[in-house]
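Single-letter residue listing:
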Amino acid sequence: MSRRSQTGRIQRHTASYLEPRSLATVLPRPLRLVTFAALALLVAGLAITLVVSRLVGPASTDATAVAVHASMGGFDPAALTVKAGATVKIELSSMDSSAHTDGGGWHQFAIDDLGINQKVGPLTSEVFQFTAPATAGTYRWYCDICCGGKENPSMRGTLTVAA
Ligand SMILES: [Cu+2]
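One structure accompanies this document, and this report is about it. (Residues numbered from 1 in each chain as written. Predicted model: local features only at pLDDT ≥ 70, side-chain atom pairs only at ≥ 80, totals over all residues. Heavy atoms only, no water.)

A few points about the overall build of the protein
Logical step 1: A count of helices and strands for the protein gives three helices and nine strands.
Logical step 2: Secondary structure elements in the protein, listed N-terminal to C-terminal, are α-α-α-β-β-β-β-β-β-β-β-β.
Logical step 3: The proportion of buried residues among the 163 residues of the protein is 30%.
Logical step 4: Intrachain contacts of the protein at a sequence separation of at least 6 include 66% that bridge at least 24 residues. (Helix = DSSP H or I, 4+ residues; strand = E, 2+ residues; numbered from the N terminus. Buried < 20%, exposed > 50% of the residue type's maximum accessible area, 1.4 Å probe, protein only. Contact = heavy atoms within 4.5 Å.)

See below:
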């Protein structure tokens, strides 16, 4: 065996190894169709699950609390008005599942000036309360976990304290 033929065989072997071989060329046509249909169903099912879970969200647990829903789309409601000096009870719910790669479905309700920093996990809710300031004013709350954080206008809300 000459050195040249040995080199030639190695080169051929390397070339066939590097050849791209996708599923499309390996599988027979009927199997390709079935594979495609299965993948399409899987993706559609996942999309529907995500949409439904977001629309439904966790059930509220405290009827005396003001419900605030947080999702990647923003806060609902994005504005609250409370009386000065009042005890404010909020049930914060995350409408997003852990499937979200940005933040993992976690959201936050934070007002730095009032020392409020409440976080809530995917598809769960947390009840918290605070005492509104004694004087009228406007405060911004934010979520700094997802979607670019508190710089994102949709991850903000406004708390108005009325006299
Ligand atoms: Cu958020």
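Some thoughts on the coordination of the copper ion
Logical step 1: Looking at the metal site, the copper ion is ligated by H107 (ND1), C143 (SG), C146 (SG) and M155 (SD), spaced 2.1 to 2.6 Å from it.
Logical step 2: Its four donor atoms give the copper ion angles of 88 to 124 degrees at the centre, a pattern that matches the tetrahedral case.
Logical step 3: Here the donor residues of the copper ion are spaced in sequence according to H-x35-C-x2-C-x8-M. With H107 in strand β5 (residues 107-111) and C143 in the loop between β8 (137-142) and β9 (156-162), this pair connects stretches of sequence that are 36 residues apart. (Donors = N, O, S within 2.8 Å, 3.2 Å for Na, K, Ca; no water. Tetrahedral: all angles 85-135°; square planar, octahedral: opposite > 155°, others 65-115°.)

Observations concerning the environment of A162
Logical step 1: Positionally, A162 belongs in strand β9.
Logical step 2: Through-space distance from the C-alpha of A162 to that of T81 is 6.8 Å; in sequence the pair is 81 residues apart.
Logical step 3: Once you skip the residues sitting within four places of it in the chain, A162 turns out to touch T81, V82, K83, A84 and A136.

Concerning unusual backbone geometry
Most peptide bonds take the trans form, and the phi angle of most residues other than glycine is negative.
Logical step 1: Between D76 and the following residue, P77, the backbone shows a cis peptide bond with an omega angle of 0 degrees.
Logical step 2: Inspection of the secondary structure assignment puts P77 in the loop between β2 (74-76) and β3 (79-83).
Logical step 3: Positive phi outside glycine occurs at L123, with the angle close to 50 degrees.
Logical step 4: Its place among the elements puts L123 in the loop between β6 (116-120) and β7 (125-131).
Logical step 5: On the accessibility criterion, L123 (30% relative accessible area) is partly exposed.
Logical step 6: Unlike most non-glycine residues, C147 shows phi in positive territory, near 50 degrees.
Logical step 7: When you line up the elements, C147 lands in the loop between β8 and β9.

Comments concerning the nonpolar core
Logical step 1: Ranked by size, the top nonpolar core spans 23 residues in total, and within it I90, L92, F109 and L159 carry the most contacts.
Logical step 2: Going through the elements one at a time, β1 (66-71), β3, β4 (87-94), β5, β6, β7, β8 and β9 are the ones with two or more residues in this core.
Logical step 3: With three residues, β4 is the largest single contributor of residues to this core.
Logical step 4: Excluding residues that lie within four positions of it along the chain, F109 makes contacts with I90, L92, I116, N117, Q118, F128, W141 and Y142. (Core = buried A, V, L, I, M, F, W, Y, C linked by side-chain atoms within 4.5 Å.)

A closer look at the pairing of β5
Logical step 1: The element β5 is largely enclosed, with a buried count of five among its five residues.
Logical step 2: Relative to β6, β5 is paired through five bridges, and the arrangement is antiparallel. Across the sheet, residue A110 finds its bridge partner in β6, namely N117.
Logical step 3: Counting the residues that bridge the hairpin from β5 to β6 gives four residues, and of these G115 lies at a positive phi of roughly 65 degrees. (Pairing = 2+ DSSP bridges.)

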